[in-house]
Amino acid sequence: MQQFVNDGDQDAFAALMKRHGPYLLWVCRHLTAHAQDAEDVFQACFLELVRNAASIRQRNSVAGWLQAVAVRIAR
């Protein structure tokens with residue numbers, strides 16, 4: 001996370017997606033009624049991460065932050 005925030009490193013972002021993506025997609029599927037809606041929420045969550053990564057205070061809790069964003073977007 002720190003490497004992505006500091007340098008905008010695309011490989012670091014890809015690693016974040018690989019690490020947290022499966023869990024987040026599972027969350028999105030449980031929050032929405034349709035697979036396409038889940039994918040839209042999933043993509044929006046990672047877009048929010050790109051936009052707001054520097055503002056995440058506890059960088060070791062990215063999964064929780066993404067989950068909270070997913071819940072907010074799905075509503």
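Model, not experiment: these values are computed from the prediction.

A. Geometry of the packing of aromatic side chains. Evaluated as defined, the whole model comprises four aromatic pairs. Here Phe 4 and Phe 13 contribute two aromatic rings whose centre-to-centre distance is 5.2 Å and whose plane-to-plane angle is 40 degrees, an arrangement assigned as tilted. Residue Phe 4 is classed as buried on the basis of its relative accessible area, which comes to 10%. Exposure remark for Phe 13: the relative accessible area of 16% places this residue in the buried category. Where Phe 13 meets Phe 46, the ring centres are 6.0 Å apart and the plane angle is 90 degrees; that geometry is what we call edge-to-face. Linking Phe 13 in helix α2 (residues 10-31) with Phe 46 in helix α3 (residues 35-52), this pair joins segments that are 33 residues apart in sequence.

B. Molecular detail of the confidence of the model for the protein. Counting all residues, the mean pLDDT for the protein is 90, and 99% of those residues have values of 70 or more. Taking the mean pLDDT of every element in the protein, the minimum, 76, falls on helix α1 (residues 2-7) and the maximum, 94, on α3.

C. Up close: the packing of α2 against α3. One way to put it is that α2 packs onto α3 with a least axis distance of 10 Å and a crossing angle of 140 degrees. Looking at the two axes, α2 sits oblique to α3. Where α2 crosses over α3, the handedness of that crossing is right-handed. Note on element contacts: α3 touches α2 through Ala 38, Val 41, Phe 42, Cys 45, Phe 46, Leu 49 and Val 50, opposite Phe 13, Leu 16, Met 17, His 20, Gly 21, Leu 24, Leu 25, Cys 28 and Arg 29. Classifying every residue of the contact of α2 with α3 gives 13 nonpolar, two polar and one charged.

D. Representation of the packing of α3 against helix α4 (residues 62-74). α4 packs onto α3 with a crossing angle of 125 degrees between their chain directions and a minimal axis gap of 9 Å. By the angle between their directions, the pair α3 and α4 is classed as oblique. Of the two possible hands of crossing, α3 and α4 adopt the one that is right-handed. On α4, the residues touching Val 41, Ala 44, Cys 45, Phe 46, Glu 48, Leu 49 and Asn 52 of α3 are Val 62, Trp 65, Leu 66, Val 69, Ala 70, Arg 72, Ile 73 and Ala 74. Here the residues of the contact of α3 with α4 sort into 12 nonpolar, one polar and two charged.

About the thresholds
- Residues numbered from 1 in each chain as written.
- Predicted model: local features only at pLDDT ≥ 70, side-chain atom pairs only at ≥ 80, totals over all residues.
- Heavy atoms only, no water.
- Phe/Tyr/Trp six-rings, centres within 6.5 Å; stacked < 30°, edge-to-face > 60°.
- Buried < 20%, exposed > 50% of the residue type's maximum accessible area, 1.4 Å probe, protein only.
- Helix = DSSP H or I, 4+ residues; strand = E, 2+ residues; numbered from the N terminus.
- pLDDT = per-residue confidence, 0-100.
- Axes fitted to C-alpha atoms, helices over the stretch in contact; angles between N-to-C directions.
- Parallel < 35°, antiparallel > 145°, perpendicular 65-115°, else oblique.
- Left-handed = near helix turned anticlockwise from the far one by under 90°.
- Contact = heavy atoms within 4.5 Å.
- Nonpolar A, V, L, I, M, F, W, Y, C, P; charged D, E, K, R; others polar.

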